[in-house]
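Survey of secondary and tertiary structure
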Amino acid sequence: MIIGLYGRIGSGKTTLCNYLRTKGFFVIDGDKISREILMPGKVGFKEVVASFGAEYLNSDGTLNRKKLGDYVFSHKEALHRLNEITHPLICEEVQALIQKNPTRHIVIEGAVLYATKIIDFCDKTVVVTSDATLSRIMKRDFLTEGEAKKRINAQELYDKADIVIENSGTLSEFYEKIDQMLQSIL
Ligand code: ATP
């Protein structure tokens, strides 16, 4: 079983993955892969620097993700350009990890599930929704309300999921809903 998991920023995707890991799932973290392909020396890194310029580098030669993030989230064309570089690389990496784990249940977390066509590898898609998103990410990422809203608004709206899990309540309520979801699909 391969589950594709998505949801708005801060909705609870990582929390859900950590819980599924305790149930034996192999977790593919799309966000982690997105970061890894932009590490110095990687193809993605080289392409981003060539496209956006050295002003997006930190003094230690790593990518200044905050600066790049601020820029692309306020410039649609730049976001598109960044995605064109990163999405195919993310997709390739996910495919390789699936092939390495053919016998395990897998969950793939990634905000870019549809855009990268990773969705085609999934048996079921799950979306996590939450009313508490804004306050949670402001607290976690030290963002102002305006900055947090910008990041949330830049995300696609997802309405094609097989299963919707609501995560506005407590953690134990969330885990209970995940257990019910597993019972219905496994
Ligand atoms: P991102 O899209 O940024 O990766 P995410 O969807 O993975 O975020 P999480 O990191 O799982 O979201 O959750 C965001 C924050 O909210 C975390 O600090 C997490 O511990 C907290 N959180 C998640 N669910 C709950 C809940 N039901 N009750 C309280 N806090 C929660």
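Our subject in this report is the structure included herewith. Every value quoted in this text rests on a predicted model; they were computed, and no experiment measured them.

We now examine unusual backbone geometry. In this model, Lys117 sits at a positive phi of 70 degrees, which is unusual for a non-glycine residue. Despite not being glycine, Phe142 shows a phi value in the positive range, around 55 degrees. Relative to the helices and strands, Phe142 is located in the loop between α6 (133-141) and α7 (145-153). With a relative accessible area of 73%, Phe142 lands in the exposed category.

The next thing to look at is the nonpolar core. Membership of the largest hydrophobic core comes to 31 residues, with the highest contact counts inside it found for Ile28, Val48, Phe52, Leu68, Val94 and Ile108. Those elements that provide at least two residues to this core are β1 (2-7), β2 (26-29), α3 (43-52), α4 (65-72), α5 (76-100) and β3 (106-109). At eight residues, the largest contribution of residues to this core is made by α5. Beyond its immediate chain neighbours, meaning those up to four positions away, Ile28 contacts Ile33, Val94, Leu97, Ile98, Ile106, Val107, Ile108 and Glu109.

Around the ligand, a shell composed of 16 residues is seen, among which Lys13, Thr14, Thr15, Arg140 and Asn167 lie nearest. One of the backbone N or O atoms of Gly12 is found 3.0 Å from an oxygen atom in the ligand. A distance of 2.8 Å separates a nitrogen atom of the ligand from a polar atom in the side chain of Asn167. Protein contact buries 75% of the 630 Å² of open area that the ligand shows by itself. Secondary structure elements with two or more residues in the shell around the ligand: α1 (13-22) and α6. Top contributing element to the shell around the ligand by residue count: α1, with three residues. For the shell around the ligand, the class distribution of residues is two nonpolar, eight polar and six charged.

As for its position among the elements, Ile28 is in strand β2. Separated by 81 residues in the primary sequence, Ile28 and Glu109 have C-alpha atoms spaced 6.2 Å apart.

This part covers the packing of aromatic side chains. Describing an aromatic ring pair means giving the distance of the ring centres and the angle of the ring planes. This structure, assessed with the given rule, holds three aromatic pairs. Ring centres 4.5 Å apart and planes at 15 degrees place the aromatic pair Tyr19 and Tyr175 in the stacked group. Taken together, the positions of Tyr19 in helix α1 and Tyr175 in helix α8 (residues 171-185) put the pair 156 residues apart, joining distant regions of the chain. Relative accessible area serves as the criterion here: at 15%, Tyr19 is assigned to the buried category. By relative accessible area, Tyr175 is classed as partly exposed at 28%. With 5.8 Å between their ring centres and 40 degrees between their planes, Tyr56 and Tyr71 make a pair best called tilted. Placement of the pair is Tyr56 in the loop between α3 and α4 and Tyr71 in helix α4, with a sequence separation of 15 residues. A residue is classified by how much of its surface remains accessible, and Tyr71, at 26% relative accessible area, is partly exposed. Cluster of aromatic residues (ring-pair linked, three or more members): Phe52, Tyr56 and Tyr71. We note Lys67 situated over the ring of Tyr56; from NZ or CZ to the ring centre the distance is 5.2 Å. Above the plane of the ring of Phe52 lies Arg81, whose end atom (NZ or CZ) is 4.2 Å from the centre.

The rules behind each value
Residues numbered from 1 in each chain as written. Predicted model: local features only at pLDDT ≥ 70, side-chain atom pairs only at ≥ 80, totals over all residues. Heavy atoms only, no water. Helix = DSSP H or I, 4+ residues; strand = E, 2+ residues; numbered from the N terminus. Buried < 20%, exposed > 50% of the residue type's maximum accessible area, 1.4 Å probe, protein only. Core = buried A, V, L, I, M, F, W, Y, C linked by side-chain atoms within 4.5 Å. Contact = heavy atoms within 4.5 Å. Near = heavy atom within 4 Å. Polar contact = N/O pair within 3.5 Å; in protein donor to acceptor, adjacent residues only side chain to side chain. Areas by Shrake-Rupley, 256 points an atom, 1.4 Å probe, with all protein chains shown as cover. Nonpolar A, V, L, I, M, F, W, Y, C, P; charged D, E, K, R; others polar. Phe/Tyr/Trp six-rings, centres within 6.5 Å; stacked < 30°, edge-to-face > 60°. Lys NZ or Arg CZ within 6 Å of the ring centre and 35° of its normal.

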